[in-house]
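# A structural walkthrough
Listed here are the chains, written in short residue letters.
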Amino acid sequence: MRTTRTAAALLAACALVVVAGCSSSGGKDAKEKSSGDGAAGEAAKTPRMKIAMVTHSGQGDTFWDIVQSGAKVAARKDNVDFLYAASPEGKEQAQLVQTYIDQKVDGIVVTLAKPEAMADVVKKAVAAGVPVVTINSGAEFSKELGALSHIGQDESVAGEAVGEELNEQVKKKALCVIHEQGNVSLEARCAGVKKTFEGTVENLNVEGTNMPATTSSVEAKLQGTKDIDAVVTLGAPFAAASVKAKEGAGSAAQISTFDLNAEVVARLKAKEIAFAVDQQPYLQGYLAVDELWLNKVNGNVIGGGKPILTGPALVTEKDVPALEKLTADGTR
């Protein structure tokens, strides 16, 4: 695995016995059993806490199942009730955060995919004495809104790594598929690709919550623009849709993607996807809950308030043997 940036935090081994409370997820239910869940030992003896997570997940996005898997493991270890809610709409996401502020939770984890919609409510949480950790998106807005820290990858750097990889593979024209219009992190990824790629990059906005429509949009683009030789998707589910679109269009374009799931690993193995960018979502969920617990019980701030990097790393079919079981378990 070729790591582009070294993660600034390591996932601690943990012993788990307490089952944490959880609301419904934005995607399909995450597997409760993971490779780390069977360790013997006891949960923390610290007073019971309640930590909520609110993300911009759309229905069926498996990325957030992995984030939740990590968060639930940390919650069991830390004697925490873990609550989760999601909405792809910024206004609704902000309303969910306000609901948790009203419930007087002990900490909130949020994403900042649409920072203009989230800014006021995050500031309200901090002003009310509820510590906030941001994850995944909007790193550049985290500190100014008063969050303890941000956990995720540098999206621009990740995009630049993809552009460099496309150069190595002598690609000339890339299509960058944006599955959520207005998401600042997705736009940063495509901008990063454009920055380092020596060919041309065209963005394509698709309806990410409608997979058949996404497939049709990519297929139509490949049919209409025959010289596209690389398709970059920004989430694991959209890689599979693009493979199908490629077949329907009779295109020879190479497919690559951001993020992993079991299907992406299977398609890497089959050489239907050339490479994937791994930002370790399990680690994002785990560290976010653990940081809020550590801050409450010991006054710690992981990373001293600086962004905590969980990626990116490029993975290919060579990494499949190490990843197959982990993705099946819902931890990678």
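Bear in mind the structure is a predicted one, so any value in this text is a computation, not a measurement.

### Side note on helix α11 (residues 320-328)
Those residues of α11 that fall on the buried side of the exposure criterion are V320, L323 and T327. All buried residues of α11 lie within an arc of 70 degrees about the axis, which places them on one face of the element. Seen from the open side of α11, the exposed residues pointing more than 90 degrees away from its buried face are P321, A322 and K325. Buried residues along α11 sit against α9 (262-269) and β13 (313-315). Once α11 ends, the next one or two residues include G330, with phi positive near 80 degrees.

### Topic: the pairing of strand β2 (residues 49-55)
On a regular strand, each side chain points to the face opposite its neighbour's, so the side chains alternate between the two faces of the sheet. The buried fraction of β2 is high, at six of seven residues. Bridge analysis of β2 against strand β3 (residues 80-86) gives seven bridges, and the strand direction is parallel. By the bridge assignment for β3, I51 is matched with F82. Where the polypeptide runs from β2 across helix α1 (residues 63-78) and back to β3, its parallel neighbour, the crossover connection is right-handed. Sheet topology note: the β2/strand β4 (residues 107-110) ladder contains four bridges and is parallel. By the bridge assignment, V54 is partnered in β4 with V110.

### What to know about the pattern of salt bridges
Any two side chains of opposite charge can pair, given that their charged atoms come close. A complete count under the given rule lists 15 salt bridges for this structure. Residue K77 pairs with D78 through a salt bridge whose shortest N-O separation is 2.6 Å. Across the pair, D78 and K77 agree in class, each one buried. Among the ionic pairs, E180 bridges to K114, the shortest N-O distance being 3.5 Å. Linking E180 in the loop between β7 (173-178) and α6 (184-196) with K114 in the loop between β4 and α3 (115-127), this pair joins segments that are 66 residues apart in sequence. A single network of salt bridges, built from pairs that share partners, joins K77, D78 and D290.

### Considering the state of the cysteines
As used here, a disulfide is simply a covalent bond connecting the sulfur atoms of two cysteines. Scanning the entire structure with this criterion turns up one disulfide. Residue C176 pairs covalently with C190 via a disulfide, S to S 2.1 Å. Its torsion about the S-S bond being -85 degrees, the disulfide of C176 and C190 is classed as left-handed. Here C176 is found in strand β7, whereas its partner C190 is found in helix α6, with 14 residues between them in sequence.

### Topic: the pairing of strand β9 (residues 230-233)
Of the two faces of β9, the one carrying A230 and V232 and the one carrying V231 and T233 are both buried. In this view, the connection linking β9 to its parallel neighbour strand β10 (residues 254-258) by way of helix α8 (residues 236-249) has right-handed handedness.

Analysis parameters
Residues numbered from 1 in each chain as written. Predicted model: local features only at pLDDT ≥ 70, side-chain atom pairs only at ≥ 80, totals over all residues. Heavy atoms only, no water. Buried < 20%, exposed > 50% of the residue type's maximum accessible area, 1.4 Å probe, protein only. Helix = DSSP H or I, 4+ residues; strand = E, 2+ residues; numbered from the N terminus. Arc of directions from axis to C-beta. Contact = heavy atoms within 4.5 Å. Pairing = 2+ DSSP bridges. Right-handed = clockwise from strand over helix to strand, strands pointing away. Salt bridge = Lys/Arg side-chain N within 4 Å of Asp/Glu carboxyl O. Disulfide = S-S within 2.5 Å.

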